[in-house]
Amino acid sequence: MLKETIKNFVSRLFSTPRSGPERLPRDKHGIERRNVSRHAIKVCEVLQHEGFAAYIVGGAVRDLIVGLEPKDFDVATNATPNQVRALFRRARIIGKRFQLVHVVFGQEIIETSTFRAPASVEQDTDEHGRILRDNLFGTHEEDAARRDFTLNALYYDPVTEEVIDYHRGVQDLKKRIVRMIGDPETRYREDPVRMLRALRFAAKLNATIDPATREPILRMAPLIENVPSSRLFDEILKLLTCGHAMDCVRQLQAVGLDQGLLPLIEIIFKQEGGEQFVELALARTDARVRAGKTISPSFLFAALLWKLVNQRWQEICASGEHPAQALMQAADSVVEEQTRKLAIQRRFQADMREIWFMQARFERANPKTIWRMLEQPRFRAAVDFLQLRAEAREVDSVQAQWWMDLANADDATRAELIEAYQTESRGKPPAARRRRSTRRRRPASAPEA
Ligand code: ATP
Ligand code: MG
């Protein structure tokens, strides 16, 4: 404990600049004000007008400097949550441990937090040094010191258009170096999730992890086990949807963070075709993220776990169970097993099951059930999933395309497609010309008469 205390003290000493922060004018950081959310600017202006300090902070500043489009805009201020709330018409205080304010402007929420003091040894930590309580307000400088990486500790003042930089973050960002603020080992102990974050930012920014920041990860990977599973889920989801998911997964493997943490990745990669399937799923996700499209976590996790579900499904079927029942049992057991480590939210679990169950229904559909399937909210996702399986050569691509055509068609065309399917499955061959065109599109597994 004493060793930790001294280490903590020394790291703080070195991480606290003595000459104050650098203030970089516009030409040194290159942020164009027009790329900044006008609502975030508004929050800063209102707070500054009242005499408070207020800056845009974190991921948005980092992304703007390297020319990426920020996901969202956060503000940091020395006003307390109550003071912030009083200044805006639509603002609510959220969070129990550390309160912050959501200032709402239509669809956009500006998360506004009060400068926080860094973790100190007086604070409650668990036996590994993980912070359990951190709810002290602090100064601007302290707020910068408690952030994770130098490139995440940048503050943009939209009024003066300066970036305030306590830890040479702009320099690291320009050199593409992910560097922990303070002593990396202590900071990982405080919050092991920072190990995942280091990998994510390196992949996302095409950066390297500074050796001193990288080195402890190999040793400290097991600490991830102490992180609450819901928090882990949030961080893993961010990792898989950062637009460079496969790089992240490879990095996780390289530093040994996949084991125990993401048993699914370990197991999947060991199965035949498992790696290829995950790669295809992640490549699709990356492409969507980079094109600015939304991605569905349910689809992603359905894909990651599919090989396990599929294998177990085959096993249960082989024991004589009805296929639909068998699929349900397989899904239940895989989800139960995997969510012990990674708390996949219930609403996502429900969607994942629907996507999987529909895979069984694709194989034994009849016209009546097809119309019913079309009404299911997850139909589109399930068809996309079938396409993914076709890409992985698990199902016939002609079959997958037929369902895709159906999903994309208007009602009249759908009726035609289903009619053609019905005619064939009744065993009355349609006219030769039509037969040729419909056969191409007919689900491969339509029942033979
Ligand atoms: P993203 O683009 O994924 O949102 P981000 O950097 O904005 O990346 P957030 O999780 O939204 O990440 O966090 C906002 C900011 O809060 C970070 O930039 C960082 O300064 C700080 N932060 C977040 N998580 C931690 C952590 N675990 N330890 C220290 N600081 C953190
Ligand atoms: Mg963010």
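These lines cover the structure that appears in this document, whether it is placed above or below. (Residues numbered from 1 in each chain as written. Chains lettered and ligands numbered in written order. Predicted model: local features only at pLDDT ≥ 70, side-chain atom pairs only at ≥ 80, totals over all residues. Heavy atoms only, no water.)

### Concerning the sheet that holds strand β1 (residues 22-24)
Threshold: DSSP calls a pair of strands paired once it identifies at least 2 bridges connecting them. What counts as a helix is a DSSP run of H or I of at least four residues, what counts as a strand is a run of E of at least two, and both are numbered from the N terminus. The convention used is that axes are lines fitted to C-alpha atoms, helices contributing only their stretch in contact, and that angles between N-to-C directions extend from 0 to 180 degrees. We call two residues in contact when some of their heavy atoms are within 4.5 Å.
Here we have eight strands laid out as an open sheet, ordered β1-β8-β7-β2-β3-β6-β5-β4, and mixed in their pairing. Two strands close off the open sheet at either side, each with one partner strand: β1 and β4 (91-94). Put simply, the sheet's adjacent strands are angled 30° from each other on average, direction ignored. Here strand β2 (residues 54-57) pairs with strand β7 (residues 154-157) via two bridges, running antiparallel. Note that in β7 the partner of V57 across the bridge is Y155. Docked against the sheet, helix α3 (residues 38-49) engages β2, β3 (74-77), β5 (100-105), β6 (108-114) and β7, running at close to 155° with respect to β2.

### Let's talk about the packing of aromatic side chains
Which entries qualify depends on this criterion: Under the pairing criterion, centres of Phe, Tyr and Trp rings, with the six-membered ring standing for Trp, must be within 6.5 Å; the plane angle then separates stacked pairs below 30 degrees from edge-to-face pairs above 60, leaving the rest tilted. Three labels apply to residues, based on accessible area from a 1.4 Å probe with only protein chains included: buried if under 20% of the type maximum, exposed if over 50%, partly exposed otherwise in between.
In the structure shown here, the tally under the stated rule is 13 aromatic pairs. With centroids separated by 5.9 Å and ring planes inclined at 35°, the aromatic side chains of F233 and F348 adopt a geometry described as tilted. Taken together, the residues F233 in helix α11 (residues 229-240) and F348 in helix α17 (residues 346-363) connect sequence positions 115 residues apart. Exposure remark for F233: the relative accessible area of 1% places this residue in the buried category.

### Regarding the site of ligand 1
Counted only if it meets this: Summary of the distance rule: residues count as near a molecule or strand when at least one heavy atom falls within 4 Å of that molecule or strand. In protein, a polar contact means a hydrogen-donor-capable atom and an acceptor-capable atom, both N or O and within 3.5 Å, with residues adjacent in sequence counting only if both atoms are side-chain atoms; elsewhere, any N or O pair within 3.5 Å suffices. The accessible surface values rely on the Shrake-Rupley method and a 1.4 Å probe; as for residues, cover is taken only from the protein chains in view. Three categories are distinguished: nonpolar for Ala, Val, Leu, Ile, Met, Phe, Trp, Tyr, Cys and Pro, charged for Asp, Glu, Lys and Arg, and polar for the others, with Gly belonging to the last.
Ligand 1 sits among 17 residues. The nearest are R62, D191, R194, R200 and K238. Between an oxygen atom of ligand 1 and a side-chain N or O atom of K71, the distance comes to 2.9 Å. In isolation ligand 1 exposes 580 Å². Once the protein is present, 86% of that is buried. For the shell around ligand 1, the elements supplying multiple residues, two or more each, are α4 (59-65), α9 (193-205) and α11. In terms of residues, the shell around ligand 1 owes the most to one element, α9, which gives five residues. Of the residues assigned to the shell around ligand 1, the class counts are one nonpolar, three polar and 13 charged.

### Regarding unusual backbone geometry
One can expect most non-glycine residues to show negative phi and most peptide bonds to be in trans. Positive phi, normally seen in glycine, also occurs at R176, with a value near 60°. For R176, the position within the fold is in the loop between α7 (169-175) and β9 (177-178). In this model, N206 sits at a positive phi of 55°, which is unusual for a non-glycine residue. In this fold, N206 is placed in the loop between α9 and β10 (208-209). Taking relative accessible area as the criterion, N206 reaches 68% and is therefore assigned exposed.

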